[in-house]
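Breakdown of the fold
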Amino acid sequence: MGTECASFSRRKIAAGVFCALLVPGLACAQATGENVIEEVIVTGTRIQKANLVSVSPITQVDAEDLRLSGTTRVEDLLKNLPQLYSFQNSTASNEATGTATLNLRNLDSKRTLVLVDGRRLSQGSPFTAGSADINQVPGGLIDRVEVLTGGASAVYGSDAIAGVVNFFLVDDFEGVQLDYQFSQYSHDNGDSRMRRLLEESGNPVPTGTDRDGDTQDVTLIIGSNLEGGRGNATAYATYRDIDPITQDSRDHSACAMQRWEGEYYCGGSLTIPEGLFSDFGLLEIEQGLPGFDLMVQGHEFVPWDGRQYNYGPLNYFQRPDERWTAGALAHYAINEHVEAYTQLMFMDDQTVSQIAPSGTFFQPNTVNCDNPLLSQQQFDTLCGNYGLGPGDSQIAYIGRRNAEGGPRREDIQHTSFRGVFGLRGDINETWRYDLYVQYGEVDLKSTYHEDILRPHMERALDVVTDPGSGEPVCRSVLNGSDPSCVPWNIFEEGAVTQAALDYVSVPVSFKGTTDQTVVSGYLAANLADYGLVSPFAETGIDIILGAEYREENLEFNPDKNAQSGDVLGFGYAVSPLDGGFDVSEFYTELSIPLVEGRSLAESLHLELGYRYSDYSPGDGEDTYKVASSWVPVNELRIRASYQRAVRAPNVSELFFIENIIGWDGTDPCAGTTPERSFEDCAYTGVTEQQYGSIPATSNDPNQISFGLNMLVGGNAKLAPEESDTYSVGFLYEPRFVEGLSVSLDWYEIEIDDAIDWINADVSLNGCLDSHNPELCGLVVREPDRGSLWLSDEAYLDARGQNIGYIRTSGYDFNLDYAWEAGRWGSLLAQNLLTYLDEWEVQQHSSAPAIDCRGIYGGLCSPMPEIRNHLRLTWNTPWNVTGSVLWRYIDEVEAWDSDFEDLDSKSYFDFSVLWEPTDSIGLRLGVSNAFDEDPPIGVVGHLPWYNGNTYPGVYDALGQYWFAGVTVEF
């Protein structure tokens, strides 16, 4: 017995533990049965092929690419692929959801389906309905990632409009592996233009080299094969800790950049710490009296000098983040017909987004003239000079930054669980099956700190003299409506008390849950046994027959403060949401070898797919695909495909509650001399009496400037959107150049009845230009003043609709070349290039189509015409691998000629891997080795625009250094 125990290896101990935990009820003794042949899956089809050549173009990223890039955040690696973008990531702060999402072809993450081993990854958060959070994927277990562009709804169901990102995990790990990596950013603040602009505006200037954003990542993997190869069990645990980076540490983000008449300047917000008091021109319009723009200096009002608040420095450029993951994967052959498998994944991720302090944002619109906090000079300036006495109130919109309260911070925590349990195997020599049940759940807890509650602010500013003590006191204290009120003295520098801050500032909390249940199964066979073989081929027809049931639910519960609509930093009410849908589906696939082994037809292959989806609520939807490949000679494969894909509206798009938010735009019908004629403006609701007297905003930095109101919300009447995807290309592997493969593919994706909102600029200007009643019906003005911004009665309707179309097309060029260099090892060149030929959106049939190719601004986030990714790898005979990666992003022009173009960028990454022994691996590298600054843009949409640039496209933080070690036992 002692000898037997001594000979027991660690792997057998692990096998016994995993077998007991993951495959209960199965015998764990040593087996001598036959090994099960594992099915290999290609993304885009469930047909099992011997040749494993996809009819559709696939981009693949291997585990070695992760090691060479040194990324601990998988989205950072994938966003560098030319087809992918990432806008919800660690660099998002304002409107950050705490998730990491992927966005194929810039068609939005909700149109990119994310899979793990061919099965859906759960929704990532109640904040991002319809988008998967890839924080859930354990990076240390990734074997490869396959990216399939274009509709794949016939194979995988809804959401695959833009394509599929499929993570394949290692399922045959043996032994114990411990991995640790440390990484850090470094940036030299040497931008002379930014230094000048910061100095001119009086803002602090970051100097020297900043080294920050430290990240530590630890991964433990334990695995063993079971009983002579009948299965495998693998468990993992990871920990990641990321330090924050604030925007004041980088010269290119140290101030909020703006542009006026072709020149950049450090601008910001008109909600300033000194307080900006303005009548917005209403006194002149309504009473013929001179207006005012005032700010506080000492204990007096002085004319506003045009200053703005620099809100950038306190914003996070990289959010702090702490993430734990754990899980297990197992598969075990019960007998020759049944293999049980499971995947268990757990994640707990906590991050904090931080932005500038809150403020009043011009919400109070009057000041009581008997306010004892006013000095005599302030009373005279605001009231006395206008003939108002102690019993009166003056129009005064107040923009006062709560600088004393500190930055707003949102603590976001996501806890997720995903479990897959399935059976698969061969029924007989012809038929095989795969059945599984999957459940995923994500729980959200979020607390938003240091914002201002409107009723508290209004009561804290409505101050009178206490007749008993003669001291300033809130009117609500005297009348008993709010005895806890504390006066907020914003009329005198340095007079705000901590008690007042505690009263006006409130925390806001959110809780929510998403869950997804999938029951799926299919039967597959090669029908050669039934004689179903083309007369010109030897291989039989493959068939898949499958069915799937999927249910998705979302529950979102903001607290009473958020629901009130009175949290000033939000600007709108956040309402609870509770909804869901289910879908029952049937699908089939056929893989038909038409011709094999003939002259000019080594292979002619046809793939067909069909899926019927019955949604509740909703109607039935059909999706299908037709794809073909032709191999005239062994070196050349020509492929083409057509796919009809469908995406049903997600829970948020169906049921999101209506809210008023701000939109950065101006009203061409406002002001004393409107830009548009009365005849045009009348279609937007302007009356003859209002024309020429509607309060206006301005883009001039020396004047008061505000956006317009926009109504957003869900729409239960939304219909599914449909897309048609076309692809034609070839793969060439010449015999005369061994190791070389070249592919070129053209693609086009057109989405009809796309689910989106009509941009406020399109609805307003479209109404003015076309007089279309549908667009004009989206413009709702104040009944009395005709404004689109002074009250919640006025707005531009941007609730979800089935808009016109979105269409994109382009070319993908891939080159792989492996060269054996004899005693010097081998060299590998891999190049991925995407050329964007078109990215066009038409939001309404009467509105002109907008082509965003090579453009940013307006409706367009940056869409370079060319993105290229070239990696050269040298595998030496000394257990050392060296790599250099060149990443190129083409120039992007500004939508408006008044703004500056985004220059083209080339980034160079260097890395080296060294295995001094069989059990130790070391890695060292640097990305953006030459510390290339990101291009500066001054127009952008949150959250992908941050720090004056687009971190989801460009390297915004400087050099990225990493060093790691892997030890195996």
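Because the structure is a prediction, the values reported are computed rather than measured.

1. So, helix 15 (residues 760–770)
- Among the residues of helix 15, those classed as buried are Ala760, Val762, Ser763, Leu764, Gly766, Cys767 and Leu768.
- Next to the buried residues of helix 15 lie strand 33 (659–663), helix 14 (678–682), strand 34 (708–712), helix 16 (773–776), strand 38 (779–780) and strand 39 (795–797).
- The N-capping residue of helix 15, defined by a side-chain oxygen 2.8 Å from the backbone nitrogen of Asp761, is Asn759.
- Once helix 15 ends, the next one or two residues include His771, with phi positive near 60 degrees.

2. A short note on unusual backbone geometry
- A positive phi is found at Glu227, a non-glycine position, where the angle reads about 50 degrees.
- Structurally, Glu227 is set in the loop between strand 9 (209–226) and strand 10 (231–242).
- The exposure class assigned to Glu227 is buried, which follows from its relative accessible area of 9%.
- Positioned with a positive phi, Asn879 is a non-glycine residue whose angle comes to about 60 degrees.
- Considering the arrangement of structural elements, one finds Asn879 in the loop between strand 45 (866–875) and strand 46 (880–889).

3. Some words on the side chain of Thr271
- Following the sequence through the fold, Thr271 ends up in the loop between strand 13 (263–267) and strand 14 (276–278).
- Beyond its immediate stretch of four places on either side in the chain, Thr271 contacts Tyr309, Gly359, Thr360, Phe361, Phe362, Gly399, Arg400 and Arg401.

4. Side note on the side chain of Asn709
- Its location among the elements puts Asn709 in strand 34.
- Filtering out sequence-adjacent residues up to four positions away, Asn709 remains in contact with Ile660, Ile661, Leu788, Trp789, Ser791, Asp792, Ala794, Tyr795 and Leu796.

5. Regarding empty space enclosed by the protein
- Applying the stated criterion across every chain, the model contains 13 cavities of 30 Å³ or more.
- For the largest cavity, the calculated volume is near 390 Å³.
- When residues of the lining of the largest cavity are traced back to their parent elements, those giving at least two are helix 4 (74–78), strand 8 (175–188) and strand 46.
- Grouping the amino acids of the lining of the largest cavity by side-chain chemistry returns eight nonpolar, 13 polar and seven charged.

6. Focus on the pattern of salt bridges
- For the structure shown, the criterion picks out 46 salt bridges.
- A salt bridge links Arg475 to Asp462; the nearest nitrogen and oxygen atoms lie 3.0 Å apart. Taken as a pair, Arg475 in helix 10 (residues 475–478) and Asp462 in the loop between helix 9 (454–461) and strand 25 (463–465) lie far apart in primary sequence, 13 residues in all.
- On the basis of relative accessible area, Arg475 is assigned to the partly exposed category, the value being 33%.

7. Topic: the sheet that holds strand 39
- The mixed open sheet is built from four strands, whose spatial order is 33-34-39-38. Both outer strands of the open sheet, strand 33 and strand 38, are each paired with one neighbouring strand and no more.
- Relative to strand 39, strand 38 runs antiparallel, the two sharing two bridges. Bridging from a neighbouring strand, Val780 pairs with Tyr795 of strand 39.
- Here helix 15 sits on the sheet and contacts strand 33, strand 34, strand 38 and strand 39; the angle it forms with strand 39, its principal contact strand, is near 95 degrees.

8. Looking at the environment of Val61
- Relative to the assigned elements, Val61 resides in strand 1 (residues 58–62).
- Residue Val61 is classed as buried on the basis of its relative accessible area of 5%.
- Between the C-alpha atoms of Val61 and Phe167, which are 106 residues apart in sequence, the distance is 9.6 Å.
- Not counting the four nearest positions on each side in its chain, Val61 is found in contact with Leu77, Leu78, Leu81, Arg144 and Val145.

9. Focus on helix 9
- Turning to helix 9, its buried residues number three or more, namely Arg454, His456, Met457, Ala460 and Leu461. For helix 9, the angular spread of buried residues about the axis comes to 160 degrees, placing them on one side.

10. Comments concerning a nonpolar patch on the surface
- Judged by side-chain polarity, Trp819, Trp824, Leu827, Trp874 and Trp878 come together as a nonpolar surface patch covering roughly 550 Å² of accessible area.
- One can find Trp819 in strand 41 (residues 805–820).

11. Points about the environment of Val296
- Mapping Val296 onto the fold places it in strand 15 (residues 293–297).
- Contact partners of Val296, with chain neighbours within four places excluded, come to Glu274, Gly275, Phe277, Phe301, Gln378, Ile490, Phe491, Glu492 and Glu493.

12. As for the sheet that holds strand 6 (residues 142–149)
- Taken in spatial order, the five strands of this open sheet run 1-6-7-4-5, and their pairing is mixed. The sheet terminates laterally at strand 1 and strand 5 (119–120), the two strands that pair on one side only.

13. Focus on the packing of aromatic side chains
- What the rule picks out here adds up to 24 aromatic pairs.
- Chaining the aromatic ring pairs together yields one cluster made of Phe280, Phe362, Tyr397 and Trp789.
- Taking NZ or CZ as reference, Arg259 lies 4.7 Å from the ring centre of Tyr264, over its face.
- It is Arg867 that lies over the ring of Tyr85; its NZ or CZ is 4.6 Å from the centre.

14. Side note on the state of the cysteines
- A full pass over the atoms with the stated rule returns six disulfides.
- What pairs with Cys369 in a disulfide is Cys383, and their sulfur atoms sit 2.1 Å apart. With the S-S dihedral at roughly -90 degrees, the linkage between Cys369 and Cys383 falls on the left-handed side. Here the residue Cys369 occupies a position in the loop between strand 20 (366–368) and helix 8 (376–382), and Cys383 occupies one in the loop between helix 8 and strand 21 (393–395), the gap between them amounting to 14 residues. As far as burial versus exposure is concerned, Cys369 and Cys383 are alike and both buried.

15. Regarding the nonpolar core
- The biggest cluster of nonpolar side chains holds 62 residues, and the ones touching the most others in it are Phe277, Phe301, Trp488, Phe491 and Leu796.
- Ranked by residue count, the leading element in this core is helix 11 (residues 498–504), at four residues.
- The next biggest cluster of nonpolar side chains, apart from the first, holds 55 residues, and it includes Val61, Leu77, Leu107 and Cys860.

16. Focus: the confidence of the model for the protein
- Across the protein, the average pLDDT comes to 88, with 93% of residues at 70 or higher.
- Confidence over residues 1–40 falls short of pLDDT 50; this stretch has 52 contacts with residues more than four positions distant or in other chains.
- Across residues 46–52, where pLDDT falls below 50, the model places 25 contacts with residues more than four positions away in sequence or in other chains.

17. Describing the pairing of strand 9
- In the sheet, strand 8 pairs with strand 9 via 13 bridges, with the strands oriented antiparallel. Bridging from a neighbouring strand, His187 pairs with Asp210 of strand 9.
- With 12 bridges connecting them, strand 9 and strand 10 associate as antiparallel partners. The residue bridging Gly223 from the neighbouring strand is Thr234, located in strand 10.

18. Brief notes about the pairing of strand 13
- With respect to burial, strand 13 is a largely interior element, four of its five residues being buried.
- Pairing of strand 12 (residues 256–260) with strand 13, which is carried by five bridges, proceeds in the antiparallel orientation. Each residue of the ladder has a partner; that of Gln258, found in strand 13, is Tyr265.
- In textbook terms, the turn of a hairpin is the stretch between consecutive antiparallel strands, and for strand 12 and strand 13 this stretch comprises two residues, one of which, Glu261, has a positive phi near 50 degrees.

Parameters at a glance
- Counting restarts for each chain: residues are numbered from 1 in the order of the written sequence.
- Under the rules for a predicted model, residues below a pLDDT of 70 receive no local features and side-chain atom pairs below 80 are neither given nor counted, while totals for whole chains, interfaces and linings still include all residues.
- For the side-chain quantities, the full set of heavy atoms in the structure was used; hydrogens and water were omitted.
- Burial here depends on accessible area, computed with a 1.4 Å probe over protein chains only, as a share of the maximum for the residue type. Under 20% is buried, over 50% is exposed, and the range in between is partly exposed.
- Helical segments are the DSSP runs of H or I of at least four residues, strand segments are the runs of E of at least two, and each set is numbered from the N terminus.
- Two residues form a contact once any of their heavy atoms are found within 4.5 Å.
- Counted as a polar contact is a pair of N or O atoms within 3.5 Å, where, for protein atoms, one must be capable of donating a hydrogen and the other of accepting one, and residues adjacent in sequence contribute only when both atoms are in side chains.
- In this analysis the probe radius is 1.4 Å and the grid spacing 1 Å, with only protein atoms considered; a cavity is a set of points the probe fits into but cannot get out of, a pocket is an open set with protein on both sides within 12 Å along at least five of seven lines, and lining residues have an atom within 4 Å of a point.
- Grid points are joined across faces, edges and corners, and a volume is the space filled by probe spheres set on the points.
- Charged residues are taken to be Asp, Glu, Lys and Arg, nonpolar residues to be Ala, Val, Leu, Ile, Met, Phe, Trp, Tyr, Cys and Pro, and polar residues to be all remaining types, Gly included.
- One side-chain nitrogen of Lys or Arg within 4 Å of one carboxyl oxygen of Asp or Glu is enough to make a salt bridge.
- In this description, strands pair whenever DSSP reports at least two bridges between them.
- Angular values range over 0 to 180 degrees, each being the angle between N-to-C directions of two axes fitted as lines to C-alpha atoms, with helices fitted over their stretch in contact.
- Note: the arc covers the axis-to-C-beta directions of the helix.
- Within this analysis, patches are made of residues with over 30% relative accessible area and no salt bridge. Like charges are joined at 9 Å or less; nonpolar side chains (Val, Leu, Ile, Met, Phe, Trp, Tyr) at 5 Å or less.
- Accessibility throughout is a Shrake-Rupley quantity obtained with a 1.4 Å probe, and a residue counts as covered only by protein chains that appear here.
- To pair, rings of Phe, Tyr and Trp, with the six-membered ring standing in for Trp, must have centres within 6.5 Å; the planes then decide the type, stacked if under 30 degrees apart, edge-to-face if over 60, and tilted in the middle.
- Charge over a ring is defined by NZ of Lys or CZ of Arg lying within 6 Å of the ring centre and within 35 degrees of the ring normal.
- Here, two cysteine sulfur atoms that lie within 2.5 Å of each other are counted as a disulfide.
- Each nonpolar core is a collection of buried residues, namely Ala, Val, Leu, Ile, Met, Phe, Trp, Tyr and Cys, held together in the definition by side-chain atoms within 4.5 Å.
- pLDDT runs from 0 to 100 and stands for how confident the predictor is about each residue.

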